[in-house]
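Fold and contact review
Below, each chain spelled out in residue letters.
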2 protein chains.
Amino acid sequence: MAGNKGKVTIFDVAKAAGVSSSAVSYALNGKPGVSEATRAKVLRVASELGWKPNGAAQSLAESKTRRIGLILGYDPKLLSVEPYMMGLISGLGAELEEHDYSMLVRLSIGEEDERAIIEDWIATGNVDALLLTNLEIGDPRVDLLKEHPTMKALAIADASLTGGLPTLTSDDAAACGMAVQHLYELGHRNIARVAGPEELGHSYIRDAAFSEITSELGIKYRCLHADYTPEAGADATRRLLSVSPRPTAIIYDNDVMALAGESAANQLGVSVPGDLSIMSWDDSFMCTAAHPNITALNRDIVEAGRMAAALMLKLIDGEEVGVVEEPPYHLRARESTGPAPAEA
Amino acid sequence: MAGNKGKVTIFDVAKAAGVSSSAVSYALNGKPGVSEATRAKVLRVASELGWKPNGAAQSLAESKTRRIGLILGYDPKLLSVEPYMMGLISGLGAELEEHDYSMLVRLSIGEEDERAIIEDWIATGNVDALLLTNLEIGDPRVDLLKEHPTMKALAIADASLTGGLPTLTSDDAAACGMAVQHLYELGHRNIARVAGPEELGHSYIRDAAFSEITSELGIKYRCLHADYTPEAGADATRRLLSVSPRPTAIIYDNDVMALAGESAANQLGVSVPGDLSIMSWDDSFMCTAAHPNITALNRDIVEAGRMAAALMLKLIDGEEVGVVEEPPYHLRARESTGPAPAEA
DNA sequence: TTGTATGCGTTATCAC
DNA sequence: GTGATAACGCATACAA
């Protein structure tokens, strides 16, 4: 309410309400030192004038921005291809909205860039906390943040990668076990996997888990590393299917590659699940939109985002946060996995 | 370089460099009023101390946040399903990084919420400009922003919907023409469309264009409105295929519904493109990852994001921005469209 | 070229 | 319960 051009300040509200500026501040922030009558009046006047505290001034006075930082790895193609990040943002945002917080988002082109952004936030104080995703092994960002404990940070990664930083972790090893078990029970003894980039921390964790589980069960296991894109997923699939004896099942590290892999198999005349079983990781909409539907390890990414936001808010409140577990994976068995073919 | 706990300010830098605070400010901001020697020294000392201007203080002094606001419609499911928004973010971010700007992102649950967020930004001054997407017909946000010209805003929408606000528009009507023309040349005379929500502005634009073009060509045309999700896309497809004579081609307003529609057709024993041609809008990775590949109207969403960011920066600089056109659509013909079947 | 002083809009401390 | 006033950290007009 107001065609205000010159911005309205706390003094305007104070004058209009016939009180002092501190009374306005107290009234607005629910602090004692002001009567109920004046509080009500102040709030009414403030709303009439469409006044809210200026963000910059408030941040400066409180040393608090009410923002958390999020860095998106800049590969525009992959970013829009892979639903994970947007799911995370949905969860983060939903939780943050309830606490009057916002996300400050920046893009990083490479690892160097990402380090620069973190340093920028440390120096400028433009965020109260930040989220670290897609950790690599021995990730320099971890060291950087440990050198600057002033900057609250939460890592989403396996706890073995985060060097003691507050961490939201998922039990990927357990998920690997569920996947292999599912295929083993269907009679598969020659399994392949199309993994994410080798340098990523969670690729590494899964690599280790798969190797161990398959060797325990005496299953043949082969793994190709790709980059999460459909092209790479299709390519890896073709390579896996070109060797003899070819695997009877392929597990993909994300849905995008699984979808592309399924198409690639189709094009080669390899029928799913008759000749080849397919499983995927994450279980986004693609798994159910595909034909045949793709069996997947389902994870609640939005909920993980909510948890991550809640943990960062705890950090900002000065509470201790150690290692917290995401909701567990669930195996969703669908059409793309079936009994292993008689003989390859 | 510094295990600094108490934050370092411009005065610390000034003292360490043996100059005054204003010299530091001038030096850092590349302004005249300081010798090259002192400038160099100041910069060196600042870098040694890891100092950058505090963001809140800078914003307060300059009345400039170096942030643009982005509101994500909060349907976590749809948000992570639909690659459009992330593509836009990629483009926005890429351009903003080059100008030392960031995105402030919030989630809105409904239209009321989104209005509240805009009002919040107007009152708090937490962003220098904001982006309006997914406009509806007679969208109240447009009026709100016209009442508050202080808040720079850019709308991504058909110019007919933005009431004179600065606008980045795309020629969806032309795209509709290309789509129909492509199918017409393949012999299709009974076309259906699975559109986005009826209340969305660009659904409306496309509705009108399709109706006009098909009636001009004397083609049978039917349209069902869905909500962009795979479930709705599959459902609409089944309904369209259940009437006789059934359409020989379906155009989908986004890739997600097209992918789900293709699967639904498969499950019904309707072969693509033998019995049914399928086309999609946007042309994300799903179109090439699907089998058969999906013919699509390709648009460069990332580039649109870059353009949007550049336009907002112009607005912030006080320049006028009218209606600007996105890069044009291109038809990518693929496997999912073929000659119309002889008789339905 | 350099240093000093004031404003930016809040919050919070302190007298009243 | 209320009203001046000092931070908060920077930019900048102004004086030296």
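Residues numbered from 1 in each chain as written. Chains lettered and ligands numbered in written order. Predicted model: local features only at pLDDT ≥ 70, side-chain atom pairs only at ≥ 80, totals over all residues. Heavy atoms only, no water.

Things to note about the packing of helix H7 (residues 111–124) of chain A against helix H8 (residues 140–147) of chain A
Residues and elements named next belong to chain A. One way to put it is that H7 packs onto H8 with a least axis distance of 10 Å and a crossing angle of 15°. Between H7 and H8, the crossing angle belongs to the class labelled roughly parallel. The way H7 lies across H8 gives a crossing that is right-handed. Two secondary-structure elements touch here, H7 through Glu111, Glu114, Arg115, Ile118 and Glu119 and H8 through Pro140, Arg141, Leu144 and Leu145. A class-by-class count of the residues in the contact of H7 with H8 yields four nonpolar, no polar and five charged. (Axes fitted to C-alpha atoms, helices over the stretch in contact; angles between N-to-C directions. Helix = DSSP H or I, 4+ residues; strand = E, 2+ residues; numbered from the N terminus. Parallel < 35°, antiparallel > 145°, perpendicular 65-115°, else oblique. Left-handed = near helix turned anticlockwise from the far one by under 90°. Contact = heavy atoms within 4.5 Å. Nonpolar A, V, L, I, M, F, W, Y, C, P; charged D, E, K, R; others polar.)

Let's talk about the sheet that holds strand S12 (residues 330–332) of chain B
Residue and element names in this part refer to chain B. Strand order in the open sheet formed by six strands is S7-S6-S8-S9-S10-S12, with mixed pairing between adjacent strands. Of all the strands in the sheet, just strand S7 (220–225) and S12 have a single pairing partner and so form its edges. Recorded for the sheet is a direction-independent mean angle of 20° between the axes of neighbouring strands. (Pairing = 2+ DSSP bridges.)

Points about the pairing of S7(B)
Residues and elements named next belong to chain B. When strand S6 (residues 190–195) meets S7, the two strands line up parallel, connected through six bridges. Among the inter-strand pairings, Arg193 is bridged to a residue of S7, identified as Cys223. Read from S6 through helix H10 (residues 201–217) to S7, the crossover connection turns out right-handed. (Right-handed = clockwise from strand over helix to strand, strands pointing away.)

Let's talk about the interface of chain B and chain A
Counting from both sides, the interface comprises 56 residues of chain B and, opposite them, 56 residues of chain A. Of the roughly 4800 Å² buried between chain B and chain A on both sides combined, carbon and sulfur atoms contribute 61%. In terms of surface lost to chain A, no three residues of chain B exceed B:Met86, B:Glu97 and B:Phe285, which account for 13% of the buried area on that side. Seen at the junction of chain B and chain A, the total is four salt bridges. Here B:Asp120 and A:Lys52 are joined by a salt bridge, their closest N and O atoms 2.9 Å apart. In this structure, the connection of chain B to chain A is made through 14 residue pairs in polar contact (both at pLDDT 80 or more). (Buried area = accessible area lost by both parts, 1.4 Å probe. Salt bridge = Lys/Arg side-chain N within 4 Å of Asp/Glu carboxyl O. Polar contact = N/O pair within 3.5 Å; in protein donor to acceptor, adjacent residues only side chain to side chain.)

Comments concerning the relation of the copies chain B and chain A
Screw-axis analysis of chain B against chain A gives a translation of 0.0 Å along the axis, an RMSD of 0.1 Å, and a rotation angle of 180°. Each copy turns onto its partner about a two-fold axis. Residue by residue, 100% of the interface of chain B is reproduced at the interface of chain A, so both copies engage with the same surface. (Least-squares fit on C-alpha atoms with pLDDT ≥ 70 in both.)

Comments concerning the domain arrangement of chain A
Considered domain by domain, chain A is made up of domain 1 (10–52), domain 2 (67–170 + 301–325) and domain 3 (172–297). Using C-alpha coordinates to define each centre, domain 1 of chain A is positioned 37 Å away from domain 2 of chain A. (Domains from an automatic or database assignment.)

A short note on the protein's contact with DNA strand C
As a structural note, the neighbourhood of DNA strand C is formed by 26 residues, with A:Ile10, A:Ser25, A:Tyr26, A:Trp51 and B:Gly33 the closest of them. Close to the protein, within 4 Å, the atoms of DNA strand C are drawn from sugar and phosphate at a rate of 62%. Interatomic distance of 2.7 Å between a side-chain N/O atom of A:Ser25 and a phosphate oxygen of DNA strand C. The side chain of A:Trp51 places a nitrogen or oxygen atom 2.7 Å from a phosphate oxygen of DNA strand C. When contributions to the surface near DNA strand C are tallied by element, the ones reaching two or more residues are helix H1 (10–17), helix H2 (21–28) and helix H4 (55–62) of chain A together with helix H4 (55–62) of chain B. When residues in the surface near DNA strand C are grouped by element, the largest group, four residues, is from H4(A). Grouping the amino acids of the surface near DNA strand C by side-chain chemistry returns 11 nonpolar, 11 polar and four charged. (Near = heavy atom within 4 Å.)

As for empty space enclosed by the protein
Enumeration over the complete set of coordinates arrives at three cavities of 30 Å³ or more. In this model, the largest cavity occupies a volume close to 90 Å³. A:Leu259, A:Glu262, A:Ser263, A:Asn266, A:Ala290, A:His291, B:Leu259, B:Glu262, B:Ser263, B:Asn266, B:Ala290 and B:His291 together form the lining of the largest cavity. Only helix H12 (255–267) of chain A together with helix H12 (255–267) of chain B provide two or more residues apiece to the lining of the largest cavity. Of the residues in the lining of the largest cavity, the class split is four nonpolar, six polar and two charged. (1 Å grid on protein atoms, 1.4 Å probe; cavity = no way out; pocket = protein on both sides within 12 Å on 5 of 7 lines; lining within 4 Å. Points joined across faces, edges and corners; volume = space filled by probe spheres on them.)

With respect to helix H11 (residues 230–241) of chain B
Taking 1.5 Å per residue, 12 residues should reach 16 Å; H11(B) reaches 16 Å between its end C-alpha atoms and fits that length. Turning to H11(B), its buried residues are B:Pro230, B:Ala232, B:Gly233, B:Ala234, B:Ala236, B:Thr237, B:Leu240 and B:Leu241. Tucked into the core, H11(B) has its buried residues touching helix H13 (285–289) of chain A together with helix H5 (76–81), S6, S7, strand S8 (249–252) and H12 of chain B. (Expected span 1.5 Å × (residues − 1). Buried < 20%, exposed > 50% of the residue type's maximum accessible area, 1.4 Å probe, protein only.)

Things to note about the pairing of strand S3 (residues 129–132) of chain B
Residues and elements named next belong to chain B. The side-chain alternation of S3 yields two buried faces, one formed by Ala129 and Leu131 and the other by Leu130 and Leu132. As judged from the three bridges shared by strand S1 (residues 67–73) and S3, these two strands associate in the parallel manner. Along S3, the bridge assignment pairs Gly69 with Leu130. Taken together, the four bridges between S3 and strand S4 (residues 152–156) define a ladder with parallel strand orientation. From the neighbouring strand, Ala129 faces S4, where its bridge partner is Lys152.

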